[in-house]
Amino acid sequence: MIKGMNILYICEYAAPYPGSFVPALSALIHEVGKNNTVYCLFPEKANNMPWLSLLGIGKDHIFYADFSVKKLAQKCQWLCKMLGREHTIVHTHFVGDFRLAAVRVSFPKVICHYHMMVPYGTTLMKKLKRLVRIPIYWN
């Protein structure tokens, strides 16, 4: 079990309902939070969603950002300075491709949990995009 770390959940999730994701994330936060300090980063659209209270962490540990690549990278740099690069483990949900690269620039310890992956096509452009994605998902 990991102890004494900052755990940052970066979730591109802003649905008006909790679905099955929020209760699962809440259970994970509860367990991980026993020995670590937990933070979350959601899209700005998630601010004031009723399900945020289900997460079990204080409002001062929940942050919001524009999830465009540039803005997400800026927010991650800010969080990295605040939490510490070596003392933070990031666990992403629904964050893929270049947004994941924006996270990896700031944090070396990233667990990528990509839900509902769509199969890649067979066109030349899609094959080239896949080659670009491979190093982003490595690690």
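Every value quoted in this text rests on a predicted model; they were computed, and no experiment measured them.

Caption draft 1: Geometry of the state of the cysteines. Evaluated as defined, the whole model comprises zero disulfides. Here Cys40 is not cross-linked by a disulfide; its sulfur's nearest cysteine counterpart is in Cys11, at 5.8 Å.

Caption draft 2: Local environment of helix H1 (residues 21–32). Taking 1.5 Å as the rise per residue, H1 with twelve residues should run 16 Å; its terminal C-alpha atoms sit 16 Å apart, in good agreement. Taken together, the buried positions of H1 are Phe21, Val22, Leu25, Ser26, Ile29 and Val32. Along the axis of H1, the buried positions cluster into a sector of 135 degrees, meaning they face one direction only. Packing partners of the buried residues in H1 comprise strand S1 (6–11), strand S2 (37–43) and strand S4 (88–93).

Caption draft 3: Region of the structure containing the pairing of S4. Among the six residues of S4, six are classified as buried, and the element is accordingly described as predominantly covered. Here S4 shows two buried faces, one formed by Thr88, Val90 and Thr92 and the other by Ile89, His91 and His93. Summarising the sheet, S1 and S4 pair through six bridges and their orientation is parallel. Across the sheet, residue Cys11 finds its bridge partner in S4, namely His93.

Caption draft 4: Highlighting the nonpolar core. Of all hydrophobic cores here, the largest spans 23 residues; its most connected members are Tyr9, Tyr13, Leu25, Ile29, Phe42, Trp51 and Leu55. Among the elements of the structure, S1, H1 and S2 are those that each provide at least two residues to this core. It is H1 that provides the largest number of residues to this core, a total of five residues. With near-sequence residues (within four places) excluded, Trp51 lies in contact with Tyr13, Ala14, Ala15, Pro16, Tyr17, Pro18, Val22, Phe42 and Ala46.

Caption draft 5: Representation of the side chain of His61 in the model. Along the polypeptide, His61 turns up in the loop between S2 and strand S3 (62–65). Polar contacts involving the side chain of His61 include one to the main-chain carbonyl oxygen of Val38, which spans 2.8 Å. Sequence-distant contacts of His61, defined by excluding residues within four places in its chain, comprise Thr37, Val38, Tyr39 and Cys40.

Caption draft 6: Layout of the pattern of salt bridges. Applying the stated criterion across every chain yields a total of three salt bridges. When the shortest N-O distance is used, the salt bridge between Arg99 and Glu12 registers 2.8 Å. Here Arg99 is found in helix H3 (residues 97–106), whereas its partner Glu12 is found in the loop between S1 and H1, with 87 residues between them in sequence. A relative accessible area of 28% places Arg99 in the partly exposed class. Two residues, Lys109 and Glu86, come together in a salt bridge whose shortest N-O distance is 4.0 Å.

Calculation notes
Residues numbered from 1 in each chain as written. Predicted model: local features only at pLDDT ≥ 70, side-chain atom pairs only at ≥ 80, totals over all residues. Heavy atoms only, no water. Disulfide = S-S within 2.5 Å. Helix = DSSP H or I, 4+ residues; strand = E, 2+ residues; numbered from the N terminus. Expected span 1.5 Å × (residues − 1). Buried < 20%, exposed > 50% of the residue type's maximum accessible area, 1.4 Å probe, protein only. Arc of directions from axis to C-beta. Contact = heavy atoms within 4.5 Å. Pairing = 2+ DSSP bridges. Core = buried A, V, L, I, M, F, W, Y, C linked by side-chain atoms within 4.5 Å. Polar contact = N/O pair within 3.5 Å; in protein donor to acceptor, adjacent residues only side chain to side chain. Salt bridge = Lys/Arg side-chain N within 4 Å of Asp/Glu carboxyl O.

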